[in-house]
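Here are the chains, one letter per residue:
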Amino acid sequence: IYFLWDPVTMAEQYGVLGPFQNLYLTSPGESADDWQIKPLLEGLAGGPNLIPSPDKTTFAINPLEDTNGDGHISTESQNRGFDHPNIHLYSLPTDSLTRVTSDTPQSMITLLEDNKVIAYYFDRGLVVLNSDGSLDRQLSPPFSEQTHWIHPSPDNQQLAINFESGQLHLLTTNSGEARQATQDIGGNPVEAVWSPDSQWLAVAQRLLGQFFLLDAKTAEVQLILDLGIV
């Protein structure tokens, strides 16, 4: 079991150089006393995302870094445009951490089987990066509107992209082909989750009390529940 956890409380970190987290490896035992926990990476700032590769041998992680070189790392500096996150790959077999980016992508979406990272840039759209940071391929042009979330399917073959306008698109990670859902079911606040077999995307429009199923093969939308909330 792998997980991120704060080594000290938020109150102890606040206003100093935090928040920091460690990446831990846990080996379950027959009882609570038999569990073994050890840190793999320490001092990861900014609440980074942790994404395992499909074979679970590599993690993509994007900790906040001291981009402006003032000796301090903080989310306050990030909000002011000084410190930014970058993507790294951590290999479990070699216990090594390798930098992938130095140009501060807006977000990291997923990690593919061959350890290629899908990242999102405001000015470049979605790109696939090799482990050395070089561009493997461009998946999309820059988006003309705000995205609320981008969810990869469990098999990493598709990305569900939710736009502010209410449109929801499916983008194929191999070809970059994009398809729009047959109804405008996106926007904010809208939540979604993939089925384990990556065949369906369940979408909830909470304010309207509506729930939909999106067929990942056809992009067709089915209304499955309408609570009639206005």
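Note that the coordinates shown come from a computational prediction; the quantities given were computed from them, not determined experimentally.

Trainee: Looking at this model, I keep getting lost on the overall build of the protein chain. Mind explaining?
Mentor: Across its full length, the protein chain carries two helices and 21 strands. Each of the three principal axes of the protein chain carries a C-alpha extent, and together these read 50 × 45 × 40 Å. Burial statistics for the protein chain: of 230 residues in total, 43% are counted as buried. Considering only residue pairs separated by 6 or more positions, the protein chain has 32% of its internal contacts joining residues 24 or more positions apart. Averaging the positions of the 10 positive and the 29 negative side-chain charges in the protein chain gives two centres separated by 6 Å.

Trainee: Would you mind going over the nonpolar core with me for this structure?
Mentor: A general feature of soluble globular proteins is that nonpolar side chains tend to end up buried together. Of all hydrophobic cores here, the largest spans 16 residues; its most connected members are Ala160, Leu168, Leu201, Val203 and Leu214. Within the residue set of this core, elements represented by two or more residues are strand 16 (168-172), strand 18 (190-194), strand 19 (200-205) and strand 20 (210-215). In terms of residues, this core owes the most to one element, strand 18, which gives three residues. Excluding residues within four positions of it along the chain, Leu201 makes contact with Ala160, Leu168, Ala192, Val193, Trp194, Phe212, Leu213 and Leu214.

Trainee: Mind showing me how you'd approach the pattern of salt bridges here?
Mentor: Between side chains of opposite charge, a pair can form as their charged atoms come close. Tallied over the entire structure, the rule returns five salt bridges. As a salt-bridge pair, Arg124 and Asp103 come within 3.2 Å of each other at their nearest N and O atoms. Placement of the pair is Arg124 in the loop between strand 11 (117-121) and strand 12 (125-129) and Asp103 in the loop between strand 9 (96-99) and strand 10 (107-111), with a sequence separation of 21 residues. The exposure class of Arg124 is partly exposed, given its relative accessible area of 25%. Accessibility expressed as a relative area gives 38% for Asp103, which makes it partly exposed. A salt bridge links Asp136 to Arg137; the shortest N-O distance between them is 2.6 Å. Accessibility expressed as a relative area gives 29% for Asp136, which makes it partly exposed. Residues participating in the shared-partner salt-bridge network are Asp114, Lys116, Asp136 and Arg137.

What counts and what doesn't
Residues numbered from 1 in each chain as written. Predicted model: local features only at pLDDT ≥ 70, side-chain atom pairs only at ≥ 80, totals over all residues. Heavy atoms only, no water. Helix = DSSP H or I, 4+ residues; strand = E, 2+ residues; numbered from the N terminus. Buried < 20%, exposed > 50% of the residue type's maximum accessible area, 1.4 Å probe, protein only. Contact = heavy atoms within 4.5 Å. Lys, Arg positive; Asp, Glu negative; His and termini not counted. Charge placed at Lys NZ, Arg CZ, Asp CG, Glu CD. Core = buried A, V, L, I, M, F, W, Y, C linked by side-chain atoms within 4.5 Å. Salt bridge = Lys/Arg side-chain N within 4 Å of Asp/Glu carboxyl O.

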